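Below, each chain spelled out in residue letters.
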Amino acid sequence: MLDIEEDIDNPQLFTHFGTSSPCWRLTTDSDALQLSGAKGAATVAVELSMAQACDIRTMTGVTSSMTLSIAIFGTPIRVHLVGRKIDNWAWGGTAAHYGDTETVVKDLENGLTFAEQVVSEVNSLVIIIDSAGKIKRFNRLFEEITGVKESDVVGKNAFDLFVNVSQREESRAGVNSYFSNNKSAPQTRPINTKNGVRMIQWRTTLMESGSGEPEKYLVCSGTDITEELRAQARLIELASTDALTGLSNRHAIQERITAAVAAENAESFGLIFLDLDNFKTVNDHYGHLTGDALIKEVAGALSNCLSEKDVLARLGGDEFLIMVGSPTQDASEAMAQRILDHMKMPFALKRAEVYTGCSIGIAMFPAHGGTLEELVRSADTAMYVAKENGKRMYRVFSPDMNSNVGEYVWLENNVRRALDENQFELYYQPKISLLTGKVESVEALLRWNHPERGLVLPSSFIPYAEKSGLIVPLGRWVMEAAAKQAAAWKKQGLPLRIAINVSARQFRDHKILEDFTHAVLSNNLSPSMVDLELTESCLVEDEKLAHRLIRMFRELGAQVHLDDFGTGYSSLSQLTRLPLDVLKLDGSFIQSIHTDAKARALVRSMVAVGHELNLKIVAECVETQEQADFLKNIGVDYVQGHLFGCPMKLSEFEAWLPVTSNNVVQIAA
C-alpha cells in the first residue's frame, strides 16, 4: 500500500476510501459498482454504463484484470479492477489507480497466489509439461502419489521419470500429436511411482503461457483409478470364477461356448458334462465340509487331465463342464476315459478316504447342437444315459437318447407332485404259511395312480426316486400308510403283519428310525405290526450302522427280512452277526427249480443255512403247484406268488381274503 506522500499524484482513491486499493463489487441486479475502503468507511456506488457492467460480468472464477473509466463524486478517474466471479450473482476484487502499477501487481499476485494454492491442494493430480515433455508444475497430490517432490522434478523429463520404457515412445507420440493438432482427449495410462504402478485417468488441455516468450504447455489433470480398476477386476473375477474351486463358473464357460459357436468359420469342439456318482452320499454321511473338500480335490484331478486348449468349469454342486479344444470326437472320448481312470483312485480327505466315480456325457459341435443350449442339453442327456447304464462310464450323445431323458424329466416334474396330491396307494400280496395254509402277513407294494397315465408301475419310477433322493419322503409315506392299515386291520380282528420294502438309500437316511417310530406309535401299534424288508445292499456299506438300526427296529416289535437273498453280496459270516428274522429267497431261484437241478440244490442249501441260523424262510414268485410242493418238502416256511394271490388293491385283497376265522388258504398236499 502507498503511503500518503506517495499517493499525492493519485489522491482520489485514498481520499475517498482511506486506501489506494479499495474493494469493489458488482451484482447481477444492478449496474452500480460498489467501492468501499477501510473498516467503517462509507461505500460509494458508481453508476456504470451497460457495456462496462457487461465487461465486468465476463470475468470468470479465475483472477483477471481490466481497466475502467469512472467518475467518483463527479471526478473522472481511470482504474484497474483486479478480481473474479465470486458466486452466481456477484463479482468482486480490488481497485487501483491506473498509474499505480505496484498496487495492481500486488493485487494480481494475491489472486495468483490463491490460484496456486487451489492447484496445489485440489483433489486431483496436476502436472504441466512442455512440448519436450519437461515438467513445469507438479502439485501436492502428485507428490503424494508418486513419492517425489516438485522441487526435485521440475525441468526433468516426465516420460523418463514416470513412464515404462516399453510405453515411452507411444506416450511421446501422443503428446506430440496434442501439440501439433492443438487437440487433446481423455485417456487412461499407467505411471511409475515409488509405491508401484498406478493407473491414472487423464484429462489434458493445451494452454499458452501468460508471461515471457509465448509457449504452449500441456496441462494434465488426473484421477488415480487404480483401486477402482482393481475392484472392477475383482468383480469380474467373482462373476466368472467359482468361489470354492477357483475354476471358471457357469457364466464364464457359457460365454466361451456362445462365442465359439457364433464365431465366423466356427471350428468343431467337444463338450463334456460330468457328474459325480455318489456325492450326495458323501455329503449326507460326512457333512458339507467334507463334501466341499471332495469337490476341490476333484477339481484338481480334472485339471490334471486337460490340455492347454481345454476349459474346465464347475456348474455348481457336483457338476462340471469341459470345453474340449480338439475338434475330434476321439479326443473328447480319450479325455473322458482319462478322467474315468483318474477317478478310480481314492481321494484322501481329513475325515476319510473317499472313492467317487463319475458319469460323463459328450456332445460335439456342430453335430449335436448349434447353440449353447442345444449342446449343453445334449451333453447332459448323454450323462444321464451313462448313469442309467450303470454309472462310472461315458456316453456320446445320440438323438435316440432324448426319449429316455424325456421320461426322466417327466418323472422329475410329477413324482413330487404325486406325493403332494396323494396319488400313491399300497397294493397287498399275501404270504402263506406252507405248514398251516394261513395268511399271516402281506407285503405292501407301492403303486402310482397318475391322473393321465393311469397305473404307473414301480419299475418306472423307483429308480428315479432312488437317484433324486425322493425315495426318502416316498418311503416315509409307505411307512405311515402301512402302519395306518395295520392298525385298521387290528381293530377289525385281523392281526395281519405288513412288510414294507426299504431301499439302501432310504436305509442310510439319518431320520429313518425316527420316521418309523412315529408311524408305528402314532397308530398305537406297540409292538409293531409293520415289518421291514431290506436288500443286501443295505448291509454291505456300513455293517455297524445296519446292526444298530436292525436291533432298534426289532425293539419296536418289527421283524426284519433280508430280501432277494442269494443275489447280493452278503456273506454267511455276516448273516451270523446281524439280528435278522427272515430270509426271503430271490424269485429267480424259485422259477427254475422244476427244470434246473443246480437251482434246486442251491435252494435246499439256503433253506438249511437259514434254519441253522433260526431264521424263517420265505420263497417268492411261486407260480405252480410243483414249485409249492417242492418248497414245502424242503421246509420253506412261507410262500408268496401268483399261485396264491397277486398284488391287490385294498378292496380286492379284503374281498379275496378267506372268510374263515383263521384265514386259511387251501394248499394241496
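Coordinates for the structure precede this section.
Quantities reported herein were computed from a predicted structural model and do not represent experimental measurements. (Residues numbered from 1 in each chain as written. Predicted model: local features only at pLDDT ≥ 70, side-chain atom pairs only at ≥ 80, totals over all residues. Heavy atoms only, no water.)

Novice: For this particular structure, what's the right way to read the overall build of the chain?
Specialist: A tally of regular secondary structure across the chain gives 25 helices and 28 strands. Intrachain contacts of the chain at a sequence separation of at least 6 include 58% that bridge at least 24 residues. When the accessible surface of the chain is split by element, carbon and sulfur atoms take 52% of a total near 33900 Å². (Helix = DSSP H or I, 4+ residues; strand = E, 2+ residues; numbered from the N terminus. Contact = heavy atoms within 4.5 Å. Areas by Shrake-Rupley, 256 points an atom, 1.4 Å probe, with all protein chains shown as cover.)

Novice: In this structure, what is going on with the packing of aromatic side chains? I would like to understand it.
Specialist: Given two aromatic rings, their pairing is described by the distance between the two centres and the angle made by the two planes. Here the structure, examined in full by the defined rule, presents 15 aromatic pairs. With a centroid separation of 6.3 Å and 55° between ring planes, the pair formed by Phe424 and Trp477 is classed as tilted. Taken together, the residues Phe424 in strand E20 (residues 424-433) and Trp477 in helix H16 (residues 471-491) connect sequence positions 53 residues apart. A relative accessible area of 18% means that Trp477 is categorised as buried. Relative to Phe653, the ring of Trp489 has its centre 5.5 Å away and its plane inclined at 45°; by these criteria the two rings are tilted. One end of the pair, Trp489, is in helix H16; the other, Phe653, is in helix H25 (residues 650-656), with 164 residues separating them in the sequence. For the pair shown, Trp489 and Phe653 are each scored as buried. Members of the aromatic cluster, connected to one another through ring pairs, are Trp410, Phe424, Trp448, Phe461 and Trp477. Above the face of the Tyr427 ring, Arg447 is positioned so that its terminal group lies 5.4 Å from the ring centre. One residue, Arg453, lies across the ring of Trp410, its end atom 3.7 Å from the ring centre. (Phe/Tyr/Trp six-rings, centres within 6.5 Å; stacked < 30°, edge-to-face > 60°. Buried < 20%, exposed > 50% of the residue type's maximum accessible area, 1.4 Å probe, protein only. Lys NZ or Arg CZ within 6 Å of the ring centre and 35° of its normal.)

Novice: Mind showing me how you'd approach the sheet that holds strand E9 (residues 187-193) here?
Specialist: Working definition: the strands of a sheet are paired by backbone hydrogen bonds and lie parallel or antiparallel to each other. The strand order across the open sheet built from five strands is E8-E7-E11-E10-E9, with neighbouring strands paired in antiparallel fashion. Edge strands, defined here as strands with exactly one partner in the open sheet, are strand E8 (135-138) and E9. Neighbour-to-neighbour, the strand axes of this sheet turn through a mean angle of 35°, independent of strand direction. By the bridge criterion, seven bridges tie E9 to strand E10 (residues 196-208) in an arrangement that is antiparallel. Bridge pairing in E10 links Thr188 to Gln201. Of the strands in this sheet, strand E7 (125-129), E9, E10 and strand E11 (216-224) are in contact with helix H7 (residues 165-181), which crosses E11 at around 125°. (Pairing = 2+ DSSP bridges. Axes fitted to C-alpha atoms, helices over the stretch in contact; angles between N-to-C directions.)

Novice: Help me out: how do you make sense of the pairing of strand E3 (residues 43-47) in this one?
Specialist: Looking along a regular strand, one sees the side chains alternate between the two faces of the sheet. Here E3 shows one buried face, formed by Val44 and Val46, and one open face, formed by Thr43, Ala45 and Glu47. Of the pairings in the sheet, the one linking strand E2 (residues 32-36) to E3 comprises five bridges and is antiparallel in character. Of the residues in E3, the one forming a bridge with Gln34 is Ala45.

Novice: Is there a simple way to think about the environment of Ser433 in this case?
Specialist: In this structure, Ser433 sits in strand E20. We classify Ser433 as buried; its relative accessible area is 5%. Only 3.2 Å separates the side chain of Ser433 from the side chain of Thr436, close enough to count as a polar contact. (Polar contact = N/O pair within 3.5 Å; in protein donor to acceptor, adjacent residues only side chain to side chain.)

Novice: Can you help me understand the pairing of strand E21 (residues 439-450) in this one?
Specialist: Where burial is concerned, most of E21 is hidden: ten out of the twelve residues are buried. In terms of strand pairing, E20 meets E21 through nine bridges, oriented antiparallel. Paired with Leu426 across the bridge in E21 is Leu446. Between the end of E20 and the start of E21, which pair antiparallel, lie five residues, with Gly437 showing a positive phi angle near 75°. Two strands pair when backbone bridges link them, and E21 and strand E23 (residues 497-502) are joined in this way by three bridges, in the parallel orientation. Across the sheet, residue Val442 finds its bridge partner in E23, namely Ile498. Of the pairings in the sheet, the one linking E21 to strand E22 (residues 454-456) comprises three bridges and is antiparallel in character. Along E22, the bridge assignment pairs Asn449 with Leu455.

Novice: Explanation requested: helix H13 (residues 372-388) in the structure shown.
Specialist: In this model, H13 (17 residues) spans 24 Å end to end at C-alpha, consistent with the 24 Å of a helix rising 1.5 Å per residue. Within the span of H13, buried status applies to Leu372, Leu375, Ser378, Ala379, Thr381, Ala382, Met383, Val385, Ala386 and Lys387. The first or second residue beyond H13 is Gly390, which carries a positive phi of 125°. (Expected span 1.5 Å × (residues − 1).)

Novice: Would you mind going over unusual backbone geometry with me for this structure?
Specialist: Most peptide bonds adopt trans geometry, and most residues besides glycine take a negative phi value. Residue Pro366 is reached from Phe365 by a cis peptide bond, and omega for that bond is 5°. Of note, Pro366 is situated in the loop between strand E18 (358-365) and H13. The residue after Ser526, namely Pro527, is reached through a cis peptide bond having omega 5°. When you line up the elements, Pro527 lands in the loop between helix H18 (512-521) and strand E24 (530-534). Positioned with a positive phi, Asp564 is a non-glycine residue whose angle comes to about 55°. Structurally, Asp564 can be placed in strand E25 (residues 560-565). Accessibility expressed as a relative area gives 24% for Asp564, which makes it partly exposed.

Novice: Would you mind showing me how to read the nonpolar core here?
Specialist: One recurring pattern in soluble globular proteins is that nonpolar side chains are buried together. With 85 residues, the main nonpolar core has Phe553, Val603 and Leu631 as its most contacted residues. The contacts of Phe553, once residues within four sequence positions are left out, are Phe507, Ile512, Leu513, Phe516, Leu532, Ala558 and Val560. Formed by 32 residues, the second largest nonpolar core is a distinct cluster that contains Ile272, Ile295, Phe320 and Met343. (Core = buried A, V, L, I, M, F, W, Y, C linked by side-chain atoms within 4.5 Å.)

Novice: Any chance you could explain the sheet that holds strand E12 (residues 248-249) here in plain terms?
Specialist: A sheet is described by the order of its strands in space; here six strands give the open sequence E12-E14-E15-E13-E18-E19, paired in mixed fashion. Looking along the sheet, the strands with just one partner apiece sit at the ends: E12 and strand E19 (394-396). With eight bridges joining them, strand E13 (residues 269-276) and E18 adopt antiparallel strand pairing. The residue bridging Leu271 from the neighbouring strand is Ala363, located in E18. Of the strands in this sheet, E12, E13, strand E14 (311-316), strand E15 (319-324) and E18 are in contact with helix H9 (residues 250-262), which crosses E15 at around 30°.

Novice: What am I meant to see in the environment of Arg314 here?
Specialist: Relative to the helices and strands, Arg314 is located in strand E14. Given the relative accessible area of 12%, Arg314 is considered buried. Along the backbone, Arg314 and Thr245 are 69 residues apart, and their C-alpha atoms lie at a distance of 7.8 Å. Sequence-distant contacts of Arg314, defined by excluding residues within four places in its chain, comprise Asp242, Leu244, Thr245, Leu247, Ser248, Asn249, Arg250, Ile295, Glu319 and Phe320.

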